[in-house]
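Secondary and tertiary structure notes
Next come the chains, spelled out residue by residue.
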Amino acid sequence: MNALNKKTIEDIDVRGKKVLARCDFNVPLKDGEITNDKRIVAALPTIKYLMENGAKVILCSHLGRPKGEYKPEFSLAPVAKKLSEYLGTEVKLAEDAEVVGENAKAMAAELKDGEVMLLENVRYRAEETKNEENFSKELASLADIFVNDAFGTAHRAHCSTTGVAAYLPAVCGYLIQKEIEFMGGALANPKRPLVAILGGAKVSDKIGVITNLIDKCDTIIIGGGMAYTFMKYLGHSIGNSLLEADWVDKAGEMMADAKAKGVNFLIPVDNKVGKEYDENTENMIVNSDEIPDGWMGLDIGPASQELFVNAIKGAGTVIWNGPMGVSEWKAFEAGTVAVANAVAESGAISIIGGGDSVAAVTKLGFADKMSHISTGGGASLEFLEGKELPGIAALQDK
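Presented here is a report on the structure given in the accompanying data block. Everything quoted here is computed from the prediction, not taken from an experiment. (Residues numbered from 1 in each chain as written. Predicted model: local features only at pLDDT ≥ 70, side-chain atom pairs only at ≥ 80, totals over all residues. Heavy atoms only, no water.)

1. Focus on the overall build of the chain
Scanning the chain from terminus to terminus reveals 14 helices and 17 strands. Its C-alpha atoms give the chain principal-axis dimensions of roughly 70 × 45 × 35 Å. If you take every contact in the chain between residues at least 6 apart in sequence, the share linking residues at least 24 apart comes to 74%. Surface exposure of the chain reaches about 16400 Å², of which carbon and sulfur atoms provide 47%. Considering the chain, the positive charge centre built from 42 side chains and the negative charge centre built from 56 side chains are found 3 Å apart. (Helix = DSSP H or I, 4+ residues; strand = E, 2+ residues; numbered from the N terminus. Contact = heavy atoms within 4.5 Å. Areas by Shrake-Rupley, 256 points an atom, 1.4 Å probe, with all protein chains shown as cover. Lys, Arg positive; Asp, Glu negative; His and termini not counted. Charge placed at Lys NZ, Arg CZ, Asp CG, Glu CD.)

2. A short note on the sheet that holds strand E6 (residues 116-119)
Reading across from one edge, E5-E6-E4-E1-E7-E8 is the order of the six strands in this open sheet, with parallel pairing throughout. Two strands in the sheet have a free side with no partner beyond their single neighbour: strand E5 (92-94) and strand E8 (170-172). The sheet shows a mean angle of 30° between the axes of neighbouring strands, taken without regard to direction. Bridge count between strand E4 (residues 56-60) and E6: three bridges; the pairing is parallel. Bridge pairing links Leu59 to Leu118 in E6. (Pairing = 2+ DSSP bridges. Axes fitted to C-alpha atoms, helices over the stretch in contact; angles between N-to-C directions.)

3. Remarks on the side chain of Ser136
Residue placement: Ser136 occurs in helix H5 (residues 133-141). Residue Ser136 is classed as buried on the basis of its relative accessible area, which comes to 1%. Setting aside residues up to four positions removed in sequence, Ser136 forms contacts with Asn131, Cys159, Gly163, Val164 and Tyr167. (Buried < 20%, exposed > 50% of the residue type's maximum accessible area, 1.4 Å probe, protein only.)

4. Description of helix H7 (residues 203-214)
Between the first and last C-alpha of H7 there are merely 15 Å, a value that for twelve residues lags more than 12% behind the 16 Å anticipated at 1.5 Å per step. Taken together, the buried positions of H7 are Val203, Lys206, Ile207, Val209, Ile210, Asn212, Leu213 and Ile214. (Expected span 1.5 Å × (residues − 1).)

5. A closer look at the pattern of salt bridges
For the structure shown, the criterion picks out 15 salt bridges. In this structure, Asp397 engages Lys6 in a salt bridge whose closest nitrogen and oxygen atoms are separated by 2.9 Å. You can see Asp397 sitting in the segment after helix H14 (390-393) and its partner Lys6 sitting in the segment before strand E1 (18-22), a full 391 residues away along the chain. According to the relative accessible area criterion, Asp397 is partly exposed, its value standing at 43%. We note a salt bridge from Lys137 to Glu133, for which the minimum N-O separation is 3.6 Å. Taken together, the residues Lys137 and Glu133, both in helix H5 and four residues apart, mark about one turn of the helix. (Salt bridge = Lys/Arg side-chain N within 4 Å of Asp/Glu carboxyl O.)

6. Side note on the packing of helix H1 (residues 38-52) against helix H2 (residues 77-87)
Put simply, H1 and H2 touch, their axes get as near as 11 Å, and they point 60° apart. When the axis of H1 is compared with that of H2, the two are oblique. Note on packing geometry: the crossing formed by H1 with H2 is right-handed. Between H1 and H2, the residues in contact are Ile40, Val41, Leu44, Ile47, Lys48 and Met51 and Val79, Lys82, Leu83, Tyr86 and Leu87, respectively. (Parallel < 35°, antiparallel > 145°, perpendicular 65-115°, else oblique. Left-handed = near helix turned anticlockwise from the far one by under 90°.)

7. Some remarks on the packing of helix H6 (residues 174-188) against helix H13 (residues 377-384)
Working note: a packed helix pair is described by the angle between its axes plus the distance between those axes. Interhelical geometry of H6 versus H13 gives an angle of 20° and a closest axis separation of 10 Å. When the axis of H6 is compared with that of H13, the two are roughly parallel. Between H6 and H13 lies a crossing of right-handed hand. Counted together, Met183, Gly184 and Leu187 of H6 and Ser380, Phe383 and Leu384 of H13 form the full contact between these two elements. When its residues are assigned to classes, the contact of H6 with H13 shows four nonpolar, two polar and no charged. (Nonpolar A, V, L, I, M, F, W, Y, C, P; charged D, E, K, R; others polar.)

8. Thoughts on the pairing of strand E10 (residues 219-222)
Burial of the side chains of E10 extends over both faces: Thr219 and Ile221 are buried on one face and Ile220 and Ile222 on the other. Looking at chain direction, E10 and strand E11 (residues 264-266) are connected through three bridges and run parallel. Residue Thr219 lies in a different strand from E11, and its bridge partner there is Asn264.

9. Some details on the sheet that holds E11
On the basis of which strands lie adjacent, the open sheet formed by six strands has the order E11-E10-E9-E15-E16-E17 and parallel pairing. One side of each edge strand has no neighbouring strand; the edge strands of this open sheet are E11 and strand E17 (372-373).

10. Regarding H6
Between the first and last C-alpha of H6 there are 20 Å, a value that for 15 residues agrees with the 21 Å anticipated at 1.5 Å per step. When we look at burial in H6, the residues that qualify are Leu175, Ile176, Glu179, Ile180, Met183, Gly184, Gly185, Ala186 and Leu187.

11. What to know about the side chain of Ser374
Mapped onto the elements of the fold, Ser374 is located in the loop between E17 and H13. At 3.1 Å, the side chain of Ser374 forms a polar contact with the side chain of Glu179. If we skip the residues at most four places from it in the chain, Ser374 touches Phe151, Glu179, Met183, Ile352, Gly353, Val358 and Ser380. (Polar contact = N/O pair within 3.5 Å; in protein donor to acceptor, adjacent residues only side chain to side chain.)

In structure tokens:
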């Protein structure tokens, strides 16, 4: 799919039109209060553009997993309140258990240009996640234009992400546009060298990404728990380190494939190992082929840090998905810190995708030094795998 040629909100005339905008307001709540409103803030540029250009704005989103029934604890009421504060104007919530109910219809009919309303949680309807036509039609009946700005759910074919696009002209908002430009651009026409850093626990989660990136990258760096499956293939003793035994042969195939294509494929040469999976466990540094029985690798070691940092230094574009070790523990964060620092200082276009690496760079204070931090965990992984994301595929081409 060429995601780069999709229409955006700037390619259509929204004045006086009712615009249904799918946002990602899936925010964490505690006792009815929002504990992190980043996703709401990220949606504001699109909402403000629509308001300033005279659209009648109807916002929709999911929140949590109410599993197709009305549950008050999954109401978007706290989101409506927070949006009202940020936008400086009242954002009314259409309180319908069936989402598109009498309140929503009446409210949409009365909307004036530049006004904003919010529908209830689209997952109150069982049809939403099954992408059933009847609910897509109900949503579409409220509006003239559909805007998708929820990249976090772009890999799901649901009524509010793709279904509704069958009945209305569909374009993307600024958030999806930014994702497409950075991630799509990095894959289609990267500033070279292109370096991919892949970490996290499981090789099985990243097989598709690695396979797709071998054809595009100059260097691939493997860290985190998944590195031990590659070491196992090389015949190293890995002690009690994380191992996906079923994937050892596949790991070997990928290394051979990279070599055949002239891709620099780096795995850790040393590790910080611990006696048990515990923040305060006894630890030491050992070479990758010398992990003693009963010990487990929990971070990359200093020689690996140096190897990886040197590979990142001259990069033109860096794609990073997954930490180098158990970065939420102080004793095992050094590898992830070293890589984050190197990416920040490289001057490369840096794209951070996936929940764990985003959490790591944010916690470690590197977030503002990255070019682009993806808003979608699963969606960014599937995008990097080269899969077509239904929520983007459904949008109109320019």
